[in-house]
Amino acid sequence: MRLGARSTFGMLFLGFAAILLLGEILVLAYPVGTQMANDANVRTPLSRGEHAMWLGIIAALSAAGWWLMFGGRPRRNTPTHPRHHG
């Protein structure tokens, strides 16, 4: 059951990273328009450093999700004692 939970959390991380990536692409494509839609906090668009930070966060979430789904799994059918030949 542990592997099922790992895969589920991995899919959640990858899904959340995908949603953030779509938002970041939208902000990069139309920075002024996305900031103008927020009437409560009108300021200048994000700087390159802030975009790089968000892309790093997205990459970290993607890597964590990928590792949870495909990496770091325990070996199956590992022998508990050496085989006797002969």
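Residues numbered from 1 in each chain as written. Predicted model: local features only at pLDDT ≥ 70, side-chain atom pairs only at ≥ 80, totals over all residues. Heavy atoms only, no water.

Q: How would you summarise the overall build of the chain if you had to cite specific residues and measurements?
A: Each helix and strand in the chain was counted, giving 3 helices and 0 strands. Listed N to C, the secondary structure of the chain is α-α-α in terms of helices and strands. Expressed as a percentage of its 86 residues, the buried residues of the chain come to 16%. Considering only residue pairs separated by 6 or more positions, the chain has 78% of its internal contacts joining residues 24 or more positions apart. Split by element, the accessible area of the chain, about 7,000 Å² in all, is 68% carbon and sulfur. (Helix = DSSP H or I, 4+ residues; strand = E, 2+ residues; numbered from the N terminus. Buried < 20%, exposed > 50% of the residue type's maximum accessible area, 1.4 Å probe, protein only. Contact = heavy atoms within 4.5 Å. Areas by Shrake-Rupley, 256 points an atom, 1.4 Å probe, with all protein chains shown as cover.)

Q: Which residues make up a nonpolar patch on the surface, and what values go with them?
A: A cluster of nonpolar side chains, namely Leu21, Ile25, Leu28 and Leu55, defines an oily patch on the protein surface of about 340 Å² accessible area. In terms of residues, the nonpolar patch owes the most to one element, helix 1 (residues 2–29), which gives 3 residues. By secondary structure assignment, the location of Leu28 is in helix 1. Using a relative accessible area of 46% as the deciding quantity, one classes Leu28 as partly exposed. (Patch = residues over 30% accessible without salt bridge, like charges linked within 9 Å, V, L, I, M, F, W, Y side chains within 5 Å. Salt bridge = Lys/Arg side-chain N within 4 Å of Asp/Glu carboxyl O.)

Q: Explain helix 3 (residues 48–70) to me, and be specific about the residues and the numbers.
A: Between its first and last C-alpha atoms helix 3 spans 32 Å; for 23 residues at 1.5 Å apiece the expected length is 33 Å, and the two agree. Regarding helix 3, the residues found buried are His51, Ile58, Leu61, Gly65, Leu68 and Met69. (Expected span 1.5 Å × (residues − 1).)

Fair warning: the whole summary comes from geometry, so function is off the table for now.
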